[in-house]
Amino acid sequence: AYMEPDLMRRWCSGYPGWSMPVCEMDMRVGGQYRWRWRSDENGQEFGFTGEVLEVVPHARLVHTQIFDPGDLGGSMGGEPSIITVTFQEAGGITNVATSIKFASKPDRDAAFSTGMTDGMEMSYKRLDDVLAEG
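One structure accompanies this document, and this report is about it. (Residues numbered from 1 in each chain as written. Predicted model: local features only at pLDDT ≥ 70, side-chain atom pairs only at ≥ 80, totals over all residues. Heavy atoms only, no water.)

A few points about a negative patch on the surface
A contiguous patch of negative charge on the surface is contributed by Asp-118, Glu-121, Asp-128 and Asp-129. Checked against the element boundaries, Asp-128 lands in helix α3 (residues 116-133). (Patch = residues over 30% accessible without salt bridge, like charges linked within 9 Å, V, L, I, M, F, W, Y side chains within 5 Å. Areas by Shrake-Rupley, 256 points an atom, 1.4 Å probe, with all protein chains shown as cover. Salt bridge = Lys/Arg side-chain N within 4 Å of Asp/Glu carboxyl O. Lys, Arg positive; Asp, Glu negative; His and termini not counted. Charge placed at Lys NZ, Arg CZ, Asp CG, Glu CD. Helix = DSSP H or I, 4+ residues; strand = E, 2+ residues; numbered from the N terminus.)

This is the structure:
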């Protein structure tokens, strides 16, 4: 779900009324990715780009993340964040934890002011549904 663009596009769309028209990913160490979301209502877009730093199959994924405000505007700081996603399976259930290391407290505060945590929560609920479908 984190490595295949077509699958990621199905669950990682954030708020209702948004889609993910761009999901380009080379998910190997040194690979690049580009994600872009679009509002179905007014066509505004934003996205993220970055580089894959570490891949441990079925256990850990680490990448940089740089915010591209597109025509939505806003800022999450100029320096890349470091995203670490861990996967731990226990009793047939995989627990996913995402950690974001921002370059500074102002960058973190700017990111949180966008409502990103709500959008992430909605996406993770969609991920549960996609995985339940098989």
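Let us keep going from here.
Quick word on α3
In a regular helix each residue adds 1.5 Å, so 18 residues correspond to 26 Å; α3 covers 26 Å between its end C-alpha atoms and thus fits that length. For α3, every residue scored as buried is listed here: Met-116, Gly-119, Ser-123, Leu-127 and Val-130. One side of α3 carries all its buried residues, which in axial view fall inside an arc of 90°. Opposite the packed face of α3, turned more than 90 degrees from it, sit the exposed residues Lys-125, Asp-128 and Ala-132. The inward-facing, buried residues of α3 abut α1 (5-11), β6 (93-101) and α2 (105-112). A positive backbone phi angle near 90° is found at Gly-134, which sits one or two residues after α3. (Expected span 1.5 Å × (residues − 1). Buried < 20%, exposed > 50% of the residue type's maximum accessible area, 1.4 Å probe, protein only. Arc of directions from axis to C-beta. Contact = heavy atoms within 4.5 Å.)

Considerations on the nonpolar core
Counting 24 residues, the largest nonpolar core has Met-8, Trp-11, Met-25, Trp-35, Trp-37 and Phe-48 as the members making the most contacts within it. Of all the secondary-structure elements, those providing two or more residues to this core are α1, β1 (18-25), β2 (32-39), β3 (45-56), β4 (60-68), β5 (81-90) and α3. When residues no more than four places from it in sequence are discounted, the contact partners of Phe-48 are Tyr-33, Arg-34, Trp-35, Trp-37, Gln-65, Ile-66, Phe-67, Asp-68 and Met-76. (Core = buried A, V, L, I, M, F, W, Y, C linked by side-chain atoms within 4.5 Å.)

Quick notes on the sheet that holds β3
Read from one edge to the other, the open sheet built from six strands follows the order β1-β2-β3-β4-β5-β6, with strand pairing classed as antiparallel. Edge strands, defined here as strands with exactly one partner in the open sheet, are β1 and β6. Looking at each pair of strands side by side, their axes are set apart by 25° on average, direction ignored. Pairing analysis gives six bridges linking β1 to β2, with the strands arranged antiparallel. Within the sheet, the bridge partner assigned to Cys-23 lies in β2 and is Trp-35. (Pairing = 2+ DSSP bridges. Axes fitted to C-alpha atoms, helices over the stretch in contact; angles between N-to-C directions.)

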